[in-house]
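Examination of the molecular architecture
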There are 4 protein chains.
Amino acid sequence: MKAIETPDPVTRTRLTNRYDTVRQFTEHLCRPLATEDYVVQPIEDVSPPKWHLGHTTWFFEQVLLETFAKNYVRYHDTFYYIFNSYYQHFGDRAQRDRRGTLSRPTVEQVYAYRKEIDNRMHELIATVDDAQFEEMTELVELGLHHEQQHQELLVTDVKYIFATNPLLPVYTEHSLPNAGNSSSATFVRFSGGVKQIGAEPDGFTYDCEHPRHSTFVRDFAIMNRLVTCGEYLEFIHDGGYENHDLWLSNGWDVITARGWKAPLFWVKDGKSWQIITLSGIREIRETEPVCHVSHYEAEAFARWAGKRLPTEAEWEVAAQSVDDGSYAGNFVDEGYYHPAPAGTFEERETLHQMFGDVWEWTSSAFLPYPGYRREHGALGEYNGKFMNDQMVLRGGSCATSRSHIRTTYRNFFQSDRRWQFAGFRLAEDV
Amino acid sequence: MKAIETPDPVTRTRLTNRYDTVRQFTEHLCRPLATEDYVVQPIEDVSPPKWHLGHTTWFFEQVLLETFAKNYVRYHDTFYYIFNSYYQHFGDRAQRDRRGTLSRPTVEQVYAYRKEIDNRMHELIATVDDAQFEEMTELVELGLHHEQQHQELLVTDVKYIFATNPLLPVYTEHSLPNAGNSSSATFVRFSGGVKQIGAEPDGFTYDCEHPRHSTFVRDFAIMNRLVTCGEYLEFIHDGGYENHDLWLSNGWDVITARGWKAPLFWVKDGKSWQIITLSGIREIRETEPVCHVSHYEAEAFARWAGKRLPTEAEWEVAAQSVDDGSYAGNFVDEGYYHPAPAGTFEERETLHQMFGDVWEWTSSAFLPYPGYRREHGALGEYNGKFMNDQMVLRGGSCATSRSHIRTTYRNFFQSDRRWQFAGFRLAEDV
Amino acid sequence: MKAIETPDPVTRTRLTNRYDTVRQFTEHLCRPLATEDYVVQPIEDVSPPKWHLGHTTWFFEQVLLETFAKNYVRYHDTFYYIFNSYYQHFGDRAQRDRRGTLSRPTVEQVYAYRKEIDNRMHELIATVDDAQFEEMTELVELGLHHEQQHQELLVTDVKYIFATNPLLPVYTEHSLPNAGNSSSATFVRFSGGVKQIGAEPDGFTYDCEHPRHSTFVRDFAIMNRLVTCGEYLEFIHDGGYENHDLWLSNGWDVITARGWKAPLFWVKDGKSWQIITLSGIREIRETEPVCHVSHYEAEAFARWAGKRLPTEAEWEVAAQSVDDGSYAGNFVDEGYYHPAPAGTFEERETLHQMFGDVWEWTSSAFLPYPGYRREHGALGEYNGKFMNDQMVLRGGSCATSRSHIRTTYRNFFQSDRRWQFAGFRLAEDV
Amino acid sequence: MKAIETPDPVTRTRLTNRYDTVRQFTEHLCRPLATEDYVVQPIEDVSPPKWHLGHTTWFFEQVLLETFAKNYVRYHDTFYYIFNSYYQHFGDRAQRDRRGTLSRPTVEQVYAYRKEIDNRMHELIATVDDAQFEEMTELVELGLHHEQQHQELLVTDVKYIFATNPLLPVYTEHSLPNAGNSSSATFVRFSGGVKQIGAEPDGFTYDCEHPRHSTFVRDFAIMNRLVTCGEYLEFIHDGGYENHDLWLSNGWDVITARGWKAPLFWVKDGKSWQIITLSGIREIRETEPVCHVSHYEAEAFARWAGKRLPTEAEWEVAAQSVDDGSYAGNFVDEGYYHPAPAGTFEERETLHQMFGDVWEWTSSAFLPYPGYRREHGALGEYNGKFMNDQMVLRGGSCATSRSHIRTTYRNFFQSDRRWQFAGFRLAEDV
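Remarks on the interface of chain D and chain C
Listed as interface residues are 32 residues of chain D and, on the opposing side, 32 residues of chain C. For the pair chain D and chain C, the number of links is 2 salt bridges. For the pair chain D and chain C, the interface holds 10 residue pairs in polar contact (both at pLDDT 80 or more). Of all the secondary-structure elements, those providing two or more residues to the side of chain D that touches chain C are helix H3 (77-83), helix H4 (107-127) and helix H5 (130-163) of chain D. Sorting elements by how many residues they give to the side of chain D that touches chain C places H3 of chain D first, with 4 residues.

Here it is, written out as structure tokens:
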């Protein structure tokens, strides 16, 4: 049995500071919103911003305060019901696709809820028994990473809310300059063999990144940067959306049924394409990474190009080669909320844009790693129960916090989803 | 050709005053709302309150200002698109079931739009040529009645928004006292023959009330008051919702598929029933009229009771006998937003509650009267194009303005709709 | 109390003969079918022919044999379940839209079932107590009219099954000659007043035709023949399907969602239109009545033509003027299964095609006549429970038996249904 | 360049014999069917038997005769349209979910089509140029394996058609004896490392089995037999279907929405469970393998049991250890069409039931093997375009032909499908 070390006051202060930093960033992201923007849910995938504010708070109340605070009295029973998301373990909850029908609690009430829970968390961190501090710290860390995930969803959801409003509101005046041409892509070779991927036991990571394990990878080459809008335009002009031979069967059904002819947020304006960004609508820029594409579109593009998507193991092996712990790249911290041409936010020789800009679709299904055991209870609901019919994405995006990303990080979405900042790079056998 | 009389300034002032009265009442009804309450649309039937505010304003801009104001410059093209409802004639419009996805324009912007259009209307009324004044007056009157219809929808929509929110917000603290027992119902006899129903040509009325025409009515008797919650409870307790023999085929399918066991807004609390009102949730009161029932439920109740619903002709013949032009009854003007026991707001000897309290389902389909001609263009879209698969309701409700109701007024909804203040009284052959 | 007369043997023989005639005609209609044709159900409205064969037989077993035969032993419990249609009263039944999923019982087994029930019915008619004979006779008559209704459905369902099969099988080689031009339409005037419509108490009629009653009809004129394909083509060429102003709101939604541009079974072949008939596919003939249109299309055409559809009262008043009891016209007895130009099967001076050819859409909703009381139990399920959201059609079609039609006969379908032989004539105010 | 060897007549005769053997077996499987059974399609997954007969024939016409026969005249253009399945490459085709609506071509016509194409194939095999013979042979082999796949679907589809018919027809009187108890399961250990899986280049195999490649497998143990009905009953009795903690999120949604409480074809009869087999309905036998379960149910059972499903690599490594080329086991050749207790049809020391009985769900998604390249054109539509959102099953079933199975064979279905003969065995880490 592990000895429990007495946490010194510095540790407690450090935790409180980190708690405050993350929590305040959520509210920072909401600053440009009008009250009305907090309320709506144009599609089931998108949650109303005030729901994100409440849900992340509920998480701390549910997982920390209800467990560790003595004689804890719940803030509001109905909030508890409204702000649970998918945790069957915690009982009934409002239906996901009905979140946008709830005008109450008001935005002001949700901020008051946040404030009160923050106070209670401060007190808990300051006063919890030493014996429980370590256990609690790990769960606070989980709650903060959980909140960072919702910060990203907040950005993507606001983008969807604004982009589908005929008035096209602008979220920020701060926008990327129109940078020069992207150089043509090259493929960087990696030699194969038995490789180690997945997370080491120490440090914060999600369960699904474990265990670190051996996997056999063949020799491969991976593109030195992301696929650009310019390259994607060629695919469109070459009839990519009309040629069934390029598509997975499900993908063809989806693009046919929904009439997709381009990435989400691309708007045809006569002969040219416009793109809706969080800084407003403007011309497509060919050097920027293509974004808001589904796995199906990434897959079809790869087939059209005579290449393929990388597996998640290949991606991780490649990422290990450039991972110096700094995670230089275009993250939400930069404040642009839009992917940038290769080289804008990093200086690397070989692989560009591995971190930030856009999540990169891989060819791997989101399945348990060998040796993974799904927890029982609520923690097993965090990632484990979603290991079905979703594809893995890697590397974070311009809506991700830099402090949230890792080389071993596995994101996942269904193949047809496009509202996230998702793009891709290609790979090939050598 | 009719001579155009020069309208004196008094006439113009009177119109402006009436305009202001109606327009301000809409805003009065919104006073209890939080900004968030203006935005949501929990079901397709319900429109967000801010949409009602904008749409009624758009109507004046579209039908009056664009026609009569010189060199008129539209307030905002996108508002025009967003606030059109179903008028194909006026071109593209936002999908009805998507209204609750639009966070913008903000509530503040919508009020600003109202204010500006009111100013422009004031100016138009003051300055339009005498020659056009009469034509315009009729359309202003239409716009005001249109706005009164939306005031009623506003009340019913807010009720739905609040009643389906797990926090059960209260709209008004003002609530009906718990009055004494309703006396048992009697049936008032009317002798049949060829009767005249429908509106006379003069005075404001809707197209669908025309022409006044002969119809043959048999001898009949009609209940002297509305069916009460107490009577409806007997129907429930007698297994009314479980006995297919009582129901129309479509009705049985609806109650089975949706699991209906009671009127909308009735909540079972152990063995007793609670009711959600705009003044909060409380016990059912047996003397109050049953409300928020579908045509199917009214029909099944009537069959269970060995009676039937009245036809709209019977209802109108009966109403003629008590119509002294005062329309005494429980209207939105009373400010209770809830139906009251017979006798609370009127003193009559024979027929109670013919006006106000609840819209009364009849057994008549909403079809054109003999000799009715649907207008071409936008005005034909007002009522005429809905003369299919809807049932007629009569008499107004506690959410209707007294100045909006008439004995000849024909309201109509699909047989399965319950979110309106709709109840019924019975009839029988004699 | 009515004295029961002893039925003489002749009466029993006559009933048996009529029973056999009707029952055999059902099988006659099936003669051109391959075994496979009996099985399929391309849309929910269409039932597999073998289901019609079984269901009509079940009706005699259920309503006659189970009631009147002593110690009756049911033929087969599962057949009972499979061949019930919509009678809640008789308990569980196979879902309507699943009829086409049942390969068993085989066609041969269904014919064996018919044969056995026919034998049992013969025996019942021959041996039932005199006291019960009269009561039974009325129900046999109901069963035979029920079977005639299903004969018509059989023809329309086979037409749908054949017409939607890419191999376009031909049901009969017997086809109408291409007759000369239809003369242009005239409108025949009728003066209004209080009129009597509905069925007299004696003779077989359906409940919904009762009671005969007074109704007030204004002066009107009605077209002397049915609207033709040629006239309907003008409507199409004039953009009738593209002009929302002509349509009811529900109708516009239906034609938009389903992409309707012409009547059902019309196929565009380059610039000309072909029509699929039970005698094969061929050119449209302009003089034939338009058929397989929905109420919405009839209504839109009428509005386009500046006329309207007749009410059912107007239609019946008009029909009374030409009803000599012979019901001359183009019925299923003629064996063409297709409507014919005016004058082909009748010689009348004024009104043509009132009986046979196509069911005529009226502007009346299918509602109870004044004084109608819906029976309790199974008989109340025959017509009464469908008095909601359907429109009345009158006069029978080329798929109806002549012995089944009456001037007072009320048929009814939803406004969007087209697979029946339904057309229309126009009316106007005078 | 490879030299083309002149095929001697023996080779041609051998191919003809193999062709006839496979083709006749399809018709053998249809012998118990009534004509009506060939026609119906109770769910989209199930195709009408006559469609299978036609589609497999179309494949030979399309892929062989149209390519290799000189001046080939197509048998029937509409058959071509009707019997194409999902090949976009070959143009328009009847919608999959509409197959059961087509009564024509009749069963007799489909058999005539088969006969004629068989004759033409015989002639082609006998007369094709030597130069083309080899190329053709490979495609004939593909066509025969394609037909064997459809033979299996035929059995499963007939089972569904019969089992969902309230008359519960029996397909064969031949049924498995009630064998003794299954011994309790043991887990057989395999040591890990870099393993080779996938098909060697020579011999007939599907594209998706290629290329044979290295993969890293950890030490693991796999159950020595299939999970039995008895074991599955324990899972049910332990509340397996009510405990959300055991289920994948999608799985829980599926069982909740569809009300699943047991495998498909299990029928609760009071307290005990009956099972519908192709030999009729009877008691569950505890020693038999559980069958007709979805991937979700297999996964939940494994979690309940504290184990997991094997990956497809683990399954294949284990299967290699017992693969002597004989594929002893319970296949369609045995004629029981139902899985049997371990040991009934094989004598092995370690792993039982690896081949035959039931397809075994693995924990692997159906994805391309490293180095796989999807063909362009029709062949790329065979397997490659389905590599999305499906799970791999291994080992064949009692409805599979022994000559069709291989250790490397990859079958695949969506996680919620149950109408195939699918069960599972467990695995664990060691």
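Thoughts on the domain arrangement of chain A
Residue and element names in this part refer to chain A. Assigned domains of chain A: these are domain 1 (12-163) and domain 2 (187-429). Measuring from the centre of the C-alpha atoms in domain 1 to the corresponding centre in domain 2 gives 27 Å. Contacts between domain 1 and domain 2 engage 27 residues on the former and 31 residues on the latter. Of the roughly 2,600 Å² buried between domain 1 and domain 2 on both sides combined, carbon and sulfur atoms contribute 63%. Summed over the shared surface of domain 1 and domain 2, the result is 1 salt bridge.

What to know about the relation of the copies chain B and chain C
Copy one and copy two of the chain differ by a rotation about an axis and a translation along that axis. When chain B is fitted to chain C, the best match, at an RMSD of 0.0 Å, comes from turning it 180 degrees and sliding it 0.0 Å along the axis. Expressed as a symmetry operation, the mapping of one chain copy onto the other fits a two-fold axis. An overlap of 95% is found between the interface residues of chain B and their copies at the interface of chain C, pointing to a shared contact surface.

Considerations on the packing of aromatic side chains
This model, assessed by the stated rule, comprises 128 aromatic pairs over all chains. By the ring-pair criterion, three or more aromatic residues cluster together here, those being Tyr-232, Phe-235, Tyr-241, Trp-247, Trp-266, Trp-273, Phe-301, Trp-304 and Phe-424 of chain A. A cation over a ring is seen here: Arg-99 of chain C above Trp-51 of chain C, with NZ or CZ 3.5 Å from the ring centre. Here Arg-418 of chain D stacks its cationic end above the ring of Trp-260 of chain D, 3.7 Å away from the centre of that ring.

Some remarks on the sheet that holds strand E10 (residues 411-413) of chain B
All names here are of chain B. The strand order across the open sheet built from 4 strands is E10-E9-E8-E11, with neighbouring strands paired in mixed fashion. Here the strands that pair on one side only, and so sit at the sheet edges, are E10 and strand E11 (422-423). Across 3 bridges, the pairing between strand E8 (residues 359-365) and strand E9 (residues 391-394) is antiparallel. Paired with Ala-365 across the bridge in E9 is Met-391.

Description of the confidence of the model for chain A
The predicted model of chain A averages 94 in pLDDT, with 97% of residues at 70 or higher. Scored as a whole, the predicted complex attains pTM 0.95, and scored at its interfaces, ipTM 0.94.

A few points about the relation of the copies chain D and chain C
Structural alignment of chain D on chain C gives an RMSD of 0.0 Å, achieved by rotating through 180 degrees and translating 0.0 Å along the axis. Of the interface residues in chain D, 100% have counterparts in chain C that sit at the interface too, so the contact is made through matching surfaces.

Points about the pairing of E8 of chain B
The two faces of a sheet get side chains in turn, since along a regular strand they alternate between them. Residue and element names in this part refer to chain B. In terms of residue burial, E8 counts as a mostly covered element, since 6 of its 7 residues are buried. Pairing analysis gives 2 bridges linking E8 to E11, with the strands arranged parallel. Within E11, the residue paired with Glu-360 across the bridge is Gly-423.

Quick word on the arrangement of the chains
Separated in space, chain A and chain C share no contact, their closest pair of C-alpha atoms being 14 Å apart. There is no contact between chain B and chain D; across them, the least C-alpha separation is 14 Å.

Structural notes on the interface of chain B and chain C
Note: interface size is frequently given as the accessible area lost on complex formation between the parts. Counting residues at the interface gives 43 residues for chain B, matched by 41 residues for chain C. Carbon and sulfur atoms supply 47% of the area that chain B and chain C bury against each other, a total of about 3,200 Å² over both sides. Looking only at chain B, the three residues that lose the most surface to chain C are Arg-303, Arg-374 and Asn-388 of chain B, adding up to 17% of its buried area. Where chain B touches chain C, the interface holds 0 salt bridges. Viewed at the interface, chain C and chain B are joined by 18 residue pairs in polar contact (both at pLDDT 80 or more). Within the residue set of the side of chain B that touches chain C, elements represented by two or more residues are strand E3 (213-217), helix H7 (249-258), helix H8 (295-304) and E8 of chain B. When residues of the side of chain B that touches chain C are assigned to their parent elements, the largest contribution, 4 residues, is made by E3 of chain B. Classifying every residue of the side of chain B that touches chain C by side-chain character gives 14 nonpolar, 19 polar and 10 charged.

Let's talk about the environment of His-52 of chain A
Residues and elements named next belong to chain A. Relative to the helices and strands, His-52 resides in helix H2 (residues 49-68). For His-52, a relative accessible area of 2% puts it in the buried group. The spacing of His-52 and Pro-201 is 149 residues in sequence and 30 Å in space, taken between C-alpha atoms. Not counting residues within four places of it along the chain, the set of residues in contact with His-52 comprises Ser-47, His-150, Leu-153, Leu-154 and Asp-157.

What counts as what
- Residues numbered from 1 in each chain as written.
- Chains lettered and ligands numbered in written order.
- Predicted model: local features only at pLDDT ≥ 70, side-chain atom pairs only at ≥ 80, totals over all residues.
- Heavy atoms only, no water.
- Contact = heavy atoms within 4.5 Å.
- Salt bridge = Lys/Arg side-chain N within 4 Å of Asp/Glu carboxyl O.
- Polar contact = N/O pair within 3.5 Å; in protein donor to acceptor, adjacent residues only side chain to side chain.
- Helix = DSSP H or I, 4+ residues; strand = E, 2+ residues; numbered from the N terminus.
- Domains from an automatic or database assignment.
- Buried area = accessible area lost by both parts, 1.4 Å probe.
- Least-squares fit on C-alpha atoms with pLDDT ≥ 70 in both.
- Phe/Tyr/Trp six-rings, centres within 6.5 Å; stacked < 30°, edge-to-face > 60°.
- Lys NZ or Arg CZ within 6 Å of the ring centre and 35° of its normal.
- Pairing = 2+ DSSP bridges.
- pLDDT = per-residue confidence, 0-100.
- Buried < 20%, exposed > 50% of the residue type's maximum accessible area, 1.4 Å probe, protein only.
- Nonpolar A, V, L, I, M, F, W, Y, C, P; charged D, E, K, R; others polar.

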